[in-house]
Amino acid sequence: MIICVVGMPGSGKGQIVRIFGKYGIPHVSMGDIVREEADRRGVPRTPEGMNSVSIQLRQELGDNAVAKLTIPKVRELLKTHEAVIIEGVRSLDEIQTFKDAFPEEKVVIIAVHSSPQKRFERLSRRGRSDDPKSWSAFEARDWKELKFGLGNVIALADYLIVNEGHLTQYRRKIERLAERLEIKKKQFTS
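Residues numbered from 1 in each chain as written. Predicted model: local features only at pLDDT ≥ 70, side-chain atom pairs only at ≥ 80, totals over all residues. Heavy atoms only, no water.

I tried to follow helix α7 (residues 135-148) on my own but got confused; where do I start?
Every α-helix carries 3.6 residues per turn, so stepping three or four residues along brings you back to the same face. With 14 residues, α7 ought to run about 20 Å at 1.5 Å a step, and its terminal C-alpha atoms sit 20 Å apart, in line with that. Turning to α7, its buried residues number three or more, namely F138, R141, D142, E145 and F148. The buried residues of α7 all sit within an arc of 120° when viewed along its axis, so they share a single face. Looking at α7, the residues exposed on the side facing more than 90 degrees away from the buried face are S136, W143 and K147. (Helix = DSSP H or I, 4+ residues; strand = E, 2+ residues; numbered from the N terminus. Expected span 1.5 Å × (residues − 1). Buried < 20%, exposed > 50% of the residue type's maximum accessible area, 1.4 Å probe, protein only. Arc of directions from axis to C-beta.)

Put into structure tokens, the structure is as follows:
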């Protein structure tokens, strides 16, 4: 199974990765793929640098560039795992790229939604080098994500989790979804 976790920056995708990881499901971060490419090209990991690399990759390899670069890592993980999480999908073209690359696997999309204010607060606390430092930078990043097609992927998700409350509530929602997907059963009965 390929589990694509999508959501706007700061929505809480990482919590799904962490909790599903407890059941032995590895993940590949598409953001990490872009950051690795930025490092390879000598581009700083600033919001501007990351945006520049994202655009360059899409110009060089097509709109599904990051998905194409993700496939080898996913393929390697599927050799030893029943499921893999891909975190950070941004377009329906990327989803189709994964479906085409892994026709024998079920592709499930999990979307996480949080309000802009909550997401901005989380990103301000997170403090990663490419996180926006102001509300205007945050809004600009949101628009960039939406231009890539992220809203379309969220709209067509198989499952939606709203992450507005306390972290404990959100974690319970993720656990219930893991049970619904039979993640525990698959991991411990194989």
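Text resumes after the structure shown.
I'm lost on the environment of L177 in this one. Help?
Summarising the element assignment, L177 is placed in helix α9 (residues 167-180). You can call L177 buried: its relative accessible area is 7%. Separated by 37 residues in the primary sequence, L177 and A140 have C-alpha atoms spaced 32 Å apart. With residues near it in sequence (within four places) discarded, L177 still touches I110, Y159 and I161. (Contact = heavy atoms within 4.5 Å.)

So what exactly am I meant to see when it comes to the packing of aromatic side chains here?
Pairs of aromatic rings are described using the distance from one ring centre to the other and the angle between the two planes. All told, the structure shown has 3 aromatic pairs when counted by the stated rule. Judged by centre distance (5.2 Å) and plane angle (80°), the ring pair of F120 and W135 falls under edge-to-face. Here the residue F120 occupies a position in helix α6 (residues 116-126), and W135 occupies one in helix α7, the gap between them amounting to 15 residues. Look at W135 and you get partly exposed, because its relative accessible area is 34%. With a centroid separation of 5.0 Å and 35° between ring planes, the pair formed by W135 and F138 is classed as tilted. Taken together, the residues W135 and F138, both in helix α7 and 3 residues apart, mark about one turn of the helix. In textbook terms, an aromatic cluster arises when at least three aromatic residues are bridged by ring pairs, as seen for F120, W135 and F138. Between the NZ or CZ atom of R58 and the centre of the ring of F148, over which it lies, the distance is 3.9 Å. (Phe/Tyr/Trp six-rings, centres within 6.5 Å; stacked < 30°, edge-to-face > 60°. Lys NZ or Arg CZ within 6 Å of the ring centre and 35° of its normal.)

How should the side chain of E37 be read in this particular structure?
Relative to the helices and strands, E37 resides in helix α2 (residues 30-41). Classification of E37 by relative accessible area gives buried; the value is 10%. Ignoring sequence-local partners within four residues, the contact set of E37 consists of V53 and L57.

Would you mind going over the sheet that holds strand β2 (residues 27-29) with me for this structure?
Through backbone hydrogen bonds, the strands of a sheet pair up, either in parallel or in antiparallel fashion. Taking strand neighbours across the sheet as the criterion, the 5 strands line up as β2-β3-β1-β4-β5 in an open arrangement whose pairing is parallel. Since the sheet does not close on itself, it has two edges, and those belong to β2 and β5 (159-162), each with one partner. If you compare each strand with its neighbour and ignore which way they point, the axes differ by 20° on average. With 6 bridges joining them, strand β1 (residues 2-7) and strand β4 (residues 107-113) adopt parallel strand pairing. Bridge pairing links I3 to V108 in β4. (Pairing = 2+ DSSP bridges. Axes fitted to C-alpha atoms, helices over the stretch in contact; angles between N-to-C directions.)

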